[in-house]
Amino acid sequence: MKTVADLHMHTNHSDGTLNPTELARLAKDQGVDAVALTDHDTVTGIGELVEETNRLGLEAIAGVELSAKFSPGTLHILGYGFDVKGPIREKLIEFQKARAERNPVIFERLKAMGMPLTLEEVKEISQAKNQVGRPHIAKAMEAKGYVKTYAEAFDKYLTKGGPAYVPKAAWSAQDCIDLIHESGGVAVIAHPIQMKLQGMNLREKIKELAEMGLDGLEVIHPDHNAGEQKGFTRLAEEFDLLTTGGSDFHGDHKPGIQLGQGRPPYVFLEKLRERIKQRRKAV
Ligand code: AMP
Ligand code: ZN
Ligand code: FE
Ligand code: FE
């Protein structure tokens, strides 16, 4: 019987450190029955992941994690079950271009503070497979001795509002949700705790997102304690949203997190699949 579905994880196609084959093998070792690869802004790792999960007899669905414009915290939207060759594909290529324009601005800022870095160095040190983002830059800053730890690179320089922070191109929440739906997928708010909203403000925002067509809330996540899990589950019930869960595994970039952490129940994926069927029909 299938019991665990980890629906949130990253590979070296975005800012994780394992490749998709290694990720699939680790899932098998950890007793995870089903996975969704949710790399940031890219679907390029999914083909390799599915090849390996098929070989291992694991279940896999397509996923992606988009960052929407938001304050005070961050709003990440997970897409599931979409057609990887649908409209989402071209849009994600635009996102990659925007990242390629953002990195040189970060490098200029770091150079002005006495920490020169080139894209080639960052790729070499971080072993980035595809996109380069702040986690890769943080790793390179540590390797070059500019900071003592990866965390210090973020805390002192790269974190939102920090002296080397450059905002990333981002769409509105509505645009993210629409894009996922137009490709036949289901849209879920990742780690809602990171929106940094509470009480009535949180409830109002979830209501607004539900009215935009949001399908679900990720209730199981390493950043959520038991009380927060309950609170998000209640909000999901109130607004007729699905509940999902995942470890947000990133390999060595987030060493405290294990694949399958939180043991998200397989029944979440069964419900998600029903919704995917409806969304696919509507395209
Ligand atoms: P980017 O997409 O290049 O803006 O990088 C975003 C990623 O950086 C997130 O997915 C996190 O993995 C990581 N990140 C963001 N803020 C921090 C922080 N304060 N400390 C450590 N990692 C962070
Ligand atoms: Zn990440
Ligand atoms: Fe996220
Ligand atoms: Fe994530």
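Residues numbered from 1 in each chain as written. Chains lettered and ligands numbered in written order. Predicted model: local features only at pLDDT ≥ 70, side-chain atom pairs only at ≥ 80, totals over all residues. Heavy atoms only, no water.

Some words on the coordination of the iron ion (ligand 3)
Point 1. Around the iron ion (ligand 3), the protein supplies E65 (OE), H76 (ND1) and H191 (NE2) as donor atoms, at distances of 2.0 to 2.2 Å.
Point 2. Mapped onto the sequence, the residues coordinating the iron ion (ligand 3) show the spacing E-x10-H-x114-H.
Point 3. Separating the iron ion (ligand 3) from the zinc ion (ligand 2) is a gap of 5.7 Å. With E65 in strand β3 (residues 59–68) and H76 in strand β4 (residues 75–80), this residue pair connects regions lying 11 residues apart in the sequence. For the pair formed by E65 and H76, the shared burial category is buried. (Donors = N, O, S within 2.8 Å, 3.2 Å for Na, K, Ca; no water. Helix = DSSP H or I, 4+ residues; strand = E, 2+ residues; numbered from the N terminus. Buried < 20%, exposed > 50% of the residue type's maximum accessible area, 1.4 Å probe, protein only.)

Quick word on the pairing of strand β7 (residues 242–245)
Point 1. Covered by surrounding structure in β7 are L242 and T244 together with T243 and G245, the residues of both alternating faces.
Point 2. Bridge count for strand β6 (residues 216–220) against β7 is 4 bridges, and the pairing is parallel. Bridge pairing in β7 links G216 to L242. (Pairing = 2+ DSSP bridges.)

Some words on the pattern of salt bridges
Point 1. Applying the stated criterion to the full structure yields 13 salt bridges.
Point 2. Between K156 and E152 there is a salt bridge; the shortest N-O distance is 2.9 Å. Taken as a pair, K156 and E152 lie in helix α6 (residues 150–158) at a separation of 4 residues, close to a single helical turn.
Point 3. A residue is classified by how much of its surface remains accessible, and K156, at 47% relative accessible area, is partly exposed.
Point 4. Shared partners join several salt bridges into a network, and the residues in it are K2, E59 and R273. (Salt bridge = Lys/Arg side-chain N within 4 Å of Asp/Glu carboxyl O.)

Describing the site of ligand 1
Point 1. Ligand 1 sits among D15, H40, R99, R102, G133, R134, P135, F154, T159, K168, H250 and K254.
Point 2. Within the contact set of ligand 1, an oxygen atom lies 3.4 Å away from a side-chain nitrogen or oxygen of D15.
Point 3. R134 has a polar backbone atom sitting 2.8 Å from an oxygen atom of ligand 1.
Point 4. Alone, ligand 1 offers 500 Å² of accessible surface; in the complex the protein occludes 76% of this.
Point 5. Assessed atom by atom at 2 Å from the grid points, ligand 1 resides in the largest pocket.
Point 6. Those elements that provide at least two residues to the shell around ligand 1 are α3 (88–112) and α5 (134–143).
Point 7. Split by residue class, the shell around ligand 1 holds 2 nonpolar, 4 polar and 6 charged. (Near = heavy atom within 4 Å. Polar contact = N/O pair within 3.5 Å; in protein donor to acceptor, adjacent residues only side chain to side chain. Areas by Shrake-Rupley, 256 points an atom, 1.4 Å probe, with all protein chains shown as cover. 1 Å grid on protein atoms, 1.4 Å probe; cavity = no way out; pocket = protein on both sides within 12 Å on 5 of 7 lines; lining within 4 Å. Sits in = over half its atoms within 2 Å of the grid points. Nonpolar A, V, L, I, M, F, W, Y, C, P; charged D, E, K, R; others polar.)

Here we look at the coordination of the zinc ion (ligand 2)
Point 1. Distances from the zinc ion (ligand 2) to its protein donors, D15 (OD), D15 (OD), H40 (NE2) and H250 (NE2), fall at 1.9 to 2.5 Å.
Point 2. One can describe the site at the zinc ion (ligand 2) as irregular: its 4 donor atoms subtend angles covering 53 to 136° at the metal.
Point 3. We note that the donor set of the zinc ion (ligand 2) lies within a single chain, spaced as D-x24-H-x209-H.
Point 4. The class for H40 is buried, based on a relative accessible area of 11%.
Point 5. Residue H250 is classed as buried on the basis of its relative accessible area of 3%. (Tetrahedral: all angles 85-135°; square planar, octahedral: opposite > 155°, others 65-115°.)

What about the domain arrangement of the chain?
Point 1. The domains assigned to the chain are domain 1 (5–95 + 173–282) and domain 2 (102–158).
Point 2. With centres defined by C-alpha atoms, the gap from domain 1 to domain 2 works out at 27 Å.
Point 3. Domain 1 puts 10 residues into the contact, and the matching count from domain 2 is 8 residues.
Point 4. When domain 1 packs against domain 2, the two sides together hide about 770 Å² of surface, and 47% of this comes from carbon and sulfur.
Point 5. The interface formed by domain 1 and domain 2 holds 0 salt bridges in total.
Point 6. Scanning the region where domain 1 abuts domain 2 turns up 4 residue pairs in polar contact (both at pLDDT 80 or more).
Point 7. When grouped by side-chain class, the residues that make up the side of domain 1 that touches domain 2 number no nonpolar, 8 polar and 2 charged. (Domains from an automatic or database assignment. Contact = heavy atoms within 4.5 Å. Buried area = accessible area lost by both parts, 1.4 Å probe.)

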